[in-house]
Amino acid sequence: QVQLVESGGGLVQPGGSLRLSCAASGNIFSDNVMGWYRQTPGKQRELVATSTRGGTTNYLDSVKGRFTISRDNAKNTVYLQMNSLKPEDTAVYYCNVHYGSGGRKYEYWGQGTQVTVSS
């Protein structure tokens, strides 16, 4: 059974920084995509950043230059370094892992961690 455990959310002032971590455990295909999504009440969940095992990354336009995704493949862990945070970054952030194997798609989500940017 796959489990994703997130940590690192919290309250931060505008302009501040936070680092989110997500550790994946269980039977996960190694050639996967790990990433972060976020959601605010009444809105759809949106992709923030993703990274392939080889390090190819993708970012939401509004976080480019401020957020950096990285991963430790040996530990099955993905990180999101968030700098220059803005109030509009306030959301619940979810870790995601997905991959294809044997013609099937597998996708897993973390429980979510709250990030609040406010003075």
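Each remark here, short or long, concerns the structure printed above.
Residues numbered from 1 in each chain as written. Predicted model: local features only at pLDDT ≥ 70, side-chain atom pairs only at ≥ 80, totals over all residues. Heavy atoms only, no water.

A.B. asks: Any details on the overall build of the chain? Residues and values, ideally.
C.D. replies: Each helix and strand in the chain was counted, giving 0 helices and 11 strands. Its helices and strands taken in sequence order, the chain reads β-β-β-β-β-β-β-β-β-β-β from the N to the C terminus. Against the compact-globule benchmark of 14 Å for 119 residues, the chain has a radius of gyration of 14 Å, which places it among compact chains. With the C-alpha coordinates of the chain rotated into their principal frame, the extents come out at 50 × 25 × 25 Å. A total of 119 residues make up the chain; the buried ones form 40% of that total. Across the chain, every contact between residues at least 6 apart in sequence was considered, and the portion connecting residues at least 24 apart equals 52%. Surface accessibility of the chain: about 6400 Å² in total, with carbon and sulfur atoms responsible for 45%. Averaging the coordinates of the 12 positive side-chain charges in the chain and doing the same for the 8 negative ones gives two points 2 Å apart. (Helix = DSSP H or I, 4+ residues; strand = E, 2+ residues; numbered from the N terminus. Rg over C-alpha atoms; globule rule 2.2 N^0.38 Å. Buried < 20%, exposed > 50% of the residue type's maximum accessible area, 1.4 Å probe, protein only. Contact = heavy atoms within 4.5 Å. Areas by Shrake-Rupley, 256 points an atom, 1.4 Å probe, with all protein chains shown as cover. Lys, Arg positive; Asp, Glu negative; His and termini not counted. Charge placed at Lys NZ, Arg CZ, Asp CG, Glu CD.)

A.B. asks: Could you give me a rundown of the state of the cysteines, with the residues and numbers involved?
C.D. replies: Inspection of the entire model under this criterion finds 1 disulfide. Linked covalently through their sulfurs, Cys22 and Cys95 form a disulfide whose S-S length is 2.1 Å. Between Cys22 and Cys95 the sulfur-sulfur dihedral comes to about -80°; the bridge is accordingly left-handed. Here the residue Cys22 occupies a position in strand E3 (residues 18–25), and Cys95 occupies one in strand E9 (residues 91–101), the gap between them amounting to 73 residues. Cys95 shares its class with Cys22; the two are buried. (Disulfide = S-S within 2.5 Å.)

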